[in-house]
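Okay, here's what each chain looks like letter by letter:
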Amino acid sequence: MANEREFDIVGAGKGIFDVEIRALEKTREALSDDFVAIVRLILACRGKVVITGMGKPGHVGAKMAATFASLGTPSFFLHPAEAMHGDLGMLDQKDVVLMLSYSGESGEVTHLLPVIKEIGCTTIAVTGNARSTLAGECDYHFYFPPFEEACYLHLAPTSSTTALIALGDALAIVVSRLRHYTKEDFALHHPAGALGKKLLTKVSDLMYSGAENAMVHEGCSLKQAIVEMSEKGLSMVTVVDADNHLVGILTDGDLRRMLERGVDVYHEDIDHVMTRSPKRIYAHEMAVDALQKMNDLRITGMPVLDANDRVVGSILMQDIIKSGIVQ
């Protein structure tokens, strides 16, 4: 057992990073035609991307499947032991199966090969041993280059699992980019929680519209505008023309500044005191973009327009924040 007083704990920890970084760099340099072939195979797959592996590669395989599915490629993890007890029934000949084993000799994985071939799936070996059973029996291959495990015993899967995670991310993300997977697509697969809300919630979902919106026509008195803003309980009132096109706005901040200047709010017209051509947002835009725009402009609300540039509502910063789309 190492003497803790003499052992450089931080240095040892950084050394682990160094070893794994070197493994990642070697794996990056190993990406070549085999990687391209696997990407194209996954893109052309008409079924699912099925990932299987035992032990630590199996844990990574489950993460890989989740990442593929998250980025638009149908995928699931198949546990080798469960596969031999009925779960092979989930496979179809249109599926692509990534088989993970750093040694290429994991019995639980290689024993699946005859049945998977009989089903007709296309197989991909991901291994560090080009002469292994898995490498020799699969249709496509990715071979990790030689590198050392970060474990001081050189036994526990460490560098190899880190490299496998990075390879899985590279495959899933490159395939996703080639599919032209968008933020909107991502949102459809992540509807729950702040992430889904951020990507799905539009201005139209949070704006005040119809009878809830504070709106007056140009030419009205300032008193009427104040009453409208007060009755609707909003911090702004929108001024429109006869066709509901945006003319200006009045905010509670504008009103406070007018009172400080001694403006006669009972005998003034809205046209003389409103802010003309104010910043605006469109109903179809994302609420998170409206929030960013308000933050950049240092304002707390904006009129909302439709595709014909007519006012259809108002959006306030506080309501976007309350919606939970930002943390």
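Please refer to the structure higher up on the page.
Let us look at the structure shown here. (Residues numbered from 1 in each chain as written. Predicted model: local features only at pLDDT ≥ 70, side-chain atom pairs only at ≥ 80, totals over all residues. Heavy atoms only, no water.)

Notes on the overall build of the protein
So, step 1. In terms of helices and strands, the protein carries 16 helices and twelve strands.
So, step 2. Radius of gyration (C-alpha) of the protein: 30 Å, far over the 20 Å computed for a compact globule of 327 residues.
So, step 3. Dimensions along the principal axes, computed over C-alpha positions, put the protein at roughly 90 × 60 × 35 Å.
So, step 4. Within the protein, the proportion of its 327 residues that are buried is 43%.
So, step 5. For the protein, the exposed surface amounts to about 17,700 Å²; the carbon and sulfur share of it is 53%. (Helix = DSSP H or I, 4+ residues; strand = E, 2+ residues; numbered from the N terminus. Rg over C-alpha atoms; globule rule 2.2 N^0.38 Å. Buried < 20%, exposed > 50% of the residue type's maximum accessible area, 1.4 Å probe, protein only. Areas by Shrake-Rupley, 256 points an atom, 1.4 Å probe, with all protein chains shown as cover.)

Considering helix α15 (residues 287-297)
So, step 1. Inspection of α15 places A287, V288, A290, L291 and M294 among the buried residues, and these make up the whole buried set. Here the buried residues of α15 occupy an arc of 155 degrees about the axis, which is enough to place them on one side.
So, step 2. At the C-terminal side of α15, R298 shows a positive phi close to 60 degrees. (Arc of directions from axis to C-beta.)

Quick word on the pairing of strand β7 (residues 236-240)
So, step 1. Of all five residues that make up β7, five are buried, and the element is covered over most of its length.
So, step 2. Burial along β7 is two-sided: M236, T238 and V240 facing one way and V237 and V239 facing the other are all buried.
So, step 3. Taken together, strand β6 (residues 215-217), helix α12 (residues 222-232) and β7 form a β-α-β motif whose crossover is right-handed.
So, step 4. Pairing geometry for β7 and strand β8 (residues 246-251), over five bridges, is antiparallel. Bridge pairing in β8 links V237 to L250.
So, step 5. The hairpin turn running from β7 into β8, its antiparallel successor, is five residues long, and N244 in that turn takes a positive phi close to 65 degrees. (Right-handed = clockwise from strand over helix to strand, strands pointing away. Pairing = 2+ DSSP bridges.)

Observations regarding the sheet that holds β6
So, step 1. Ordered by their spatial adjacency, four strands build an open sheet running β6-β7-β8-β9, and the pairing between neighbours is mixed. With one partner strand each, in any of the chains shown, β6 and β9 (275-276) form the two edges of the open sheet.
So, step 2. Relative to β9, β8 runs antiparallel, the two sharing two bridges. Residue pairing in the sheet places G248 in a bridge with R276 of β9.

Focus on the packing of aromatic side chains
So, step 1. Considering all chains together, one arrives at four aromatic pairs under this definition.
So, step 2. A centroid spacing of 5.4 Å and a plane angle of 85 degrees characterise the contact between F142 and F144, whose relative ring orientation is edge-to-face.
So, step 3. By way of ring pairs, the aromatic residues Y102, F142, F144 and F147 are connected into one cluster. (Phe/Tyr/Trp six-rings, centres within 6.5 Å; stacked < 30°, edge-to-face > 60°.)

Some points on the nonpolar core
Inside soluble globular proteins, nonpolar side chains tend to come together where they are buried.
So, step 1. By size, the foremost hydrophobic cluster in this structure holds 32 residues, and its most contacted members are I51, L98, V126, F144 and L171.
So, step 2. Among the elements of the structure, α2 (33-44), β1 (49-53), α3 (56-70), β3 (96-100), β4 (122-127), α8 (159-178) and α9 (183-189) are those that each provide at least two residues to this core.
So, step 3. Sort the elements by how many residues they give to this core and α8 lands first, with six residues.
So, step 4. The residues touching L171, leaving out its near neighbours within four places in the chain, are F35, I38, V39, F68 and L98.
So, step 5. Core analysis: the second largest hydrophobic core is formed by 21 residues, A225, M236, I249 and L255 among them. (Core = buried A, V, L, I, M, F, W, Y, C linked by side-chain atoms within 4.5 Å. Contact = heavy atoms within 4.5 Å.)

Details of the environment of I270
So, step 1. On the secondary structure map, I270 appears in helix α14 (residues 270-273).
So, step 2. Exposure remark for I270: the relative accessible area of 0% places this residue in the buried category.
So, step 3. Taking the C-alpha atoms as reference points, I270 and I249, separated by 21 residues in sequence, lie 9.1 Å from one another.
So, step 4. Residues within four places of I270 in sequence aside, it is in contact with H217, G219, C220, S221, L222, A225, V239 and L250.

Without other data, these values stay purely geometric and don't point to any function.
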